[in-house]
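Survey of secondary and tertiary structure
The residues making up each chain are set out below.
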Amino acid sequence: MLSATGWGTLVGGVVLTATGYVLGYGEAAALGTACLLAVAVAVLWALPAPALGTERRIAPSRVSRGDPAEGVVTITNTGGRTRRGLRAVDRCGERDIAVEVPPLRPGTSHEVRYPLPTARRGRVPVGPLRLERTDPLGLARRMRPYDAADTLLVRPRICPLPVLPSGQAHHVEGPASDSADDGTLTFHALREYVLGDDLRRVHWRSTARTGTLMVRQMVDVSLPHTALVLDTRRRAYASEDDFELAVDCAASIAYAAARSHFPVHLTSEAGALLHTDGSGQDGEALLDALAVVRRSELMSVAAAFDGLESHHGSGALVVVTGTGDTRGLGAVDRVRRRFDRATMVRVGAGATEATPAGAGSDVPQVRVTSLDELLAGWRREATR
């Protein structure tokens, strides 16, 4: 395709050539013909498709909000001629990132690095990569897509927090449900059999229905569970930055519990987000889930507490909310007695104000405007 300069040269060449021939201006006709020849040569220059190989990777593919991440593209000239005038253009989110590529001799490679935006949480689509070849005058260019799109996952920032002491854990190393006392176990889910599972926990009805050996996955309810309610309502926060800080706070609290191999139940007024049993890569799974949380338009946060009314066993209830609308926060009083302790984290510049009556005002509160304040306030709460 022609660039803006190419289209201008083409139009100018046509006008000059026509004017020169009609009015008898030989110089104008010659200049116009030169412009048309230049456009034709530029198109022929850019027309051949270069034989190139490309490979893109994102380093790292998961990153905390604000931390650096790079796109790394390796371009290899697999043809038999030196390639010049190449430019790599990679789509990143809503914008293009363009990087010039030096001349490539046959069989040589060049690595291109460029920063990726990490200011906001979420999945950032990267690609597809395009290679543009232009003529020396920049009149024409050929664009060809390479490679499929990748994804950069920007996760919340976290700070190291202690776990709130609650309940009596029978197993200090975490929820070893295979060896826990039978009286402290409860059914959690069905999963496929793996070598070493107790055959007494085989669920024969599901096995017969699916044709795959299925076993009951048990959870040790004697361990302190952390029930984390994240208020995602738009009206609960004064700004987008306050909401981002609230997600960072929730991620820090959930990750601290998961790091100690304790079960975590993460929910919001829009529904349950994730439930972990305290084993495997729970911390990473929690950060991944919170990376894609978005603000909701719901009026009340009360629905977030509905699923907690059947909670049994020890543990802590943590509510993370803002300083705006408090509608539905009073529902915390319905479920707080089912936990050993309850704590509310209020995020935002107005966090020093008192909580309105009926909004869980008797629940201990940690008021924060930064992760540093969360760390200091959380440590005080842990020793209370």
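The shown structure was predicted, so the numbers you read here are calculated from the model rather than taken from an experiment.

**Let's talk about the overall build of the protein**
Across its full length, the protein carries seven helices and 17 strands. Buried positions account for 46% of the 384 residues belonging to the protein. For the protein, the share of sequence-separated contacts (at least 6 apart) that also reach a separation of at least 24 residues comes to 69%. With an accessible surface of roughly 18,700 Å², the protein has 55% of that area assigned to carbon and sulfur atoms.

**Here we look at the pattern of salt bridges**
Here the structure, examined in full by the defined rule, presents 25 salt bridges. With a shortest N-O distance of 3.2 Å, Asp288 and Arg62 are connected by a salt bridge. Taken together, the positions of Asp288 in helix 5 (residues 282-291) and Arg62 in strand 2 (residues 62-64) put the pair 226 residues apart, joining distant regions of the chain. Among the residues examined, Arg62 registers a relative accessible area of 44% and is labelled partly exposed. Each of the salt bridges in this network shares a partner with another, and the network as a whole consists of Arg65, Arg121, Arg157, Glu244 and Asp248.

**Observations regarding the sheet that holds strand 6 (residues 109-115)**
Read from one edge to the other, the open sheet built from three strands follows the order 1-3-6, with strand pairing classed as antiparallel. In the strand order of this sheet, the two ends are held by strand 1 (52-59) and strand 6, each with one partner. Direction aside, neighbouring strands of the sheet carry axes that sit 15° apart on average. Where strand 3 (residues 70-77) lies against strand 6, seven bridges are found, and the strand directions are antiparallel. Bridge pairing in strand 6 links Glu70 to Pro115.

**What to know about the nonpolar core**
If you look at the biggest cluster of nonpolar residues, it comprises 37 residues, and the most contacted ones within it are Leu230, Val320, Val345 and Leu374. Those elements giving two or more residues to this core turn out to be strand 12 (225-230), helix 4 (240-259), strand 13 (264-268), helix 5, strand 15 (315-321), strand 16 (341-347), strand 17 (365-368) and helix 7 (371-382). Tallying contributions element by element places helix 4 first for this core, with twelve residues. One finds Ile58, Ile75, Cys92 and Leu116 within the second-largest nonpolar core, a separate group that totals 22 residues.

**Points about the packing of aromatic side chains**
Applying the stated criterion across every chain yields a total of one aromatic pair. Between Tyr237 and Phe243 the ring centres are 5.4 Å apart and the planes differ by 70°, which places this aromatic pair in the edge-to-face class. Judged by relative accessible area, Tyr237 falls into the buried class, the value being 5%.

**Comments concerning empty space enclosed by the protein**
For the structure on display, the rule yields two cavities of 30 Å³ or more. The space that makes up the largest cavity amounts to roughly 90 Å³. Along the walls of the largest cavity sit 15 residues, with Val163, Leu164, Thr226, Ala257 and Ala316 positioned nearest its centre. Listing elements by their share of the lining of the largest cavity, those giving two or more residues are strand 12, helix 4 and strand 15. Class assignment of the residues belonging to the lining of the largest cavity gives a composition of eleven nonpolar, four polar and no charged. Along the walls of the second largest cavity sit Pro50, Leu86, Leu131, Glu132, Arg133, Arg142, Arg144 and Tyr146, which together make up its complete lining.

**Remarks on the environment of Asp135**
Residue placement: Asp135 occurs in the loop between strand 7 (122-134) and strand 8 (141-146). Considering only alpha carbons, one finds Asp135 and Arg84, 51 residues apart in sequence, at a separation of 8.7 Å.

**Regarding unusual backbone geometry**
Phi is mostly negative for residues that are not glycine, and the peptide bonds are mostly trans. Along the chain, Ala59 connects to Pro60 via a cis peptide bond; the corresponding omega equals -10°. Following the sequence through the fold, Pro60 ends up in the loop between strand 1 and strand 2. That bond from Gly127 to Pro128 is cis: its omega, 5°, falls within 30 degrees of zero. For Pro128, the position within the fold is in strand 7.

**Re the sheet that holds strand 12**
Strand order in the open sheet formed by six strands is 14-13-12-15-16-17, with mixed pairing between adjacent strands. The open sheet has two edge strands, strand 14 (271-276) and strand 17, and neither has a second partner. Within the sheet, the average angular offset between the axes of one strand and its neighbour, ignoring direction, is 15°. Bridging between strand 16 and strand 17 involves four bridges; their strand directions are parallel. Pairing of Arg346 across the sheet is with Arg367, part of strand 17. Strands in contact with helix 5 are strand 12, strand 13 and strand 14; relative to strand 14, the strand with the most contacts, it is inclined by about 165°. Strand contacts of helix 7: strand 15, strand 16 and strand 17, with the helix running at about 165° to strand 17, the strand carrying the most contacts.

**What about the packing of helix 1 (residues 4-23) against helix 2 (residues 26-46)?**
Here helix 1 crosses helix 2 at 150°, and the two axes come no closer than 7 Å. Viewed along their axes, helix 1 and helix 2 adopt a mutual orientation that is roughly antiparallel. Crossing angle aside, the handedness with which helix 1 passes helix 2 is left-handed. The residues of helix 2 that touch helix 1, namely those facing Gly6, Thr9, Leu10, Gly13, Val14, Leu16, Thr17, Gly20 and Tyr21, are Ala28, Ala29, Leu31, Gly32, Thr33, Cys35, Leu36 and Val39.

**Concerning the confidence of the model for the protein**
Across the protein, the average pLDDT comes to 84, with 88% of residues at or above 70. The least confident element of the protein, judged by mean pLDDT, is strand 10 (residues 185-192) at 72; the most confident is strand 2 at 95. Across residues 168-184 the pLDDT falls below 50, and counting only partners more than four positions away or on other chains, this stretch makes 33 contacts in the model.

Conventions used here
The written sequence of each chain sets the order in which its residues are numbered from 1. This being a predicted model, a pLDDT of at least 70 is required before a residue's local features are given, and a value of 80 or more before pairs of side-chain atoms are given or counted; all residues contribute to the totals for chains, interfaces and linings. The side-chain numbers reported here are obtained from all heavy atoms of the structure, hydrogens and water having been left aside. Put simply, DSSP H or I for four residues or longer makes a helix, DSSP E for two residues or longer makes a strand, and each gets a number counted from the N terminus. Only protein chains enter the area calculation, which uses a 1.4 Å probe; residues under 20% of their type maximum are buried, those over 50% are exposed, and those in between are partly exposed. Throughout, a contact is declared for two residues whenever any of their heavy atoms are within 4.5 Å. The Shrake-Rupley method, run with a 1.4 Å probe, gives the accessible areas here. Residue values count only the displayed protein chains as cover. A carboxyl oxygen of Asp or Glu within 4 Å of a side-chain nitrogen of Lys or Arg is what we treat as a salt bridge. For two strands to be treated as a pair, DSSP must find at least two bridges joining them. For helices, the fitted axis covers only the stretch in contact; all axes are lines through C-alpha atoms, and the angles between them, taken along N-to-C directions, range from 0 to 180 degrees. Note on terminology: a nonpolar core comprises buried Ala, Val, Leu, Ile, Met, Phe, Trp, Tyr and Cys residues joined through side-chain atoms within 4.5 Å. Pairing of aromatic rings covers Phe, Tyr and the six-membered ring of Trp, with a centre-to-centre limit of 6.5 Å; geometry is then stacked below 30 degrees between planes, edge-to-face above 60, and tilted otherwise. The method works on a 1 Å grid over the protein atoms by themselves. A cavity is a set of points holding a 1.4 Å probe that cannot get out, a pocket is an open set with protein on both sides within 12 Å along at least five of seven lines, and residues with an atom within 4 Å of a point line them. Grid points are joined across faces, edges and corners, and a volume is the space filled by probe spheres set on the points. Classification used: nonpolar for Ala, Val, Leu, Ile, Met, Phe, Trp, Tyr, Cys and Pro, charged for Asp, Glu, Lys and Arg, polar for all others including Gly. Each angle receives one of four descriptions, namely roughly parallel if under 35 degrees, roughly antiparallel if over 145, roughly perpendicular if within 65 to 115, and oblique otherwise. It is the rotation of the near helix from the far one that decides the hand of a crossing: anticlockwise by less than a right angle makes it left-handed, clockwise makes it right-handed. Think of pLDDT as the predictor's per-residue confidence, scored from 0 to 100.

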